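Chain by chain, the residues:
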Amino acid sequence: MPYVKIELTREGVTREQKQELISGITNLITDVLNKDPHLTHIVIQEVDLDDWGYAGEQVSVLREKGITADKK
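Just so you know, these numbers come straight off a predicted model, no measurement behind them.

So, the pattern of salt bridges
Then comes step 1: Counted according to the given criterion, the structure contains four salt bridges.
Then comes step 2: One salt bridge connects Glu 11 with Arg 63, and the closest N-O pair in it is separated by 2.8 Å. In this pair, Glu 11 sits in the loop between strand 1 (3–9) and helix 1 (15–33) while Arg 63 sits in helix 2 (residues 59–64), placing the two residues 52 residues apart along the sequence.
Then comes step 3: For Lys 18, the salt bridge identified is with Glu 46, shortest N-O distance 2.9 Å. Of this pair, Lys 18 sits in helix 1 while Glu 46 sits in strand 2 (residues 41–47), and the two are 28 residues apart along the sequence.
Then comes step 4: On the accessibility criterion, Lys 18 (23% relative accessible area) is partly exposed.

So this is what it looks like as structure tokens:
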């Protein structure tokens, strides 16, 4: 029974994007590990920006400085 937990900052990930993550990861585990998709569990947990730190600072502070996780 594969279990995958995705943690990301709460920054407007849509229901559709979450569904795409769940579907894509389930398919990947099915294809690569030959696991039954009906026994594969995907959990997405969103974390408030104040509750996530990186390089000694809260992500909320980093966002205020214009530092994002977006691809350039």
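Here's the deal with the side chain of Ser 60
Then comes step 1: Its location among the elements puts Ser 60 in helix 2.
Then comes step 2: Among the polar contacts made by the side chain of Ser 60, one reaches the side chain of Asp 50 at a distance of 2.5 Å.
Then comes step 3: Beyond its immediate sequence surroundings of up to four residues, Ser 60 is in contact with Leu 49 and Asp 50.

Rules used throughout
Residues numbered from 1 in each chain as written. Predicted model: local features only at pLDDT ≥ 70, side-chain atom pairs only at ≥ 80, totals over all residues. Heavy atoms only, no water. Salt bridge = Lys/Arg side-chain N within 4 Å of Asp/Glu carboxyl O. Helix = DSSP H or I, 4+ residues; strand = E, 2+ residues; numbered from the N terminus. Buried < 20%, exposed > 50% of the residue type's maximum accessible area, 1.4 Å probe, protein only. Polar contact = N/O pair within 3.5 Å; in protein donor to acceptor, adjacent residues only side chain to side chain. Contact = heavy atoms within 4.5 Å.

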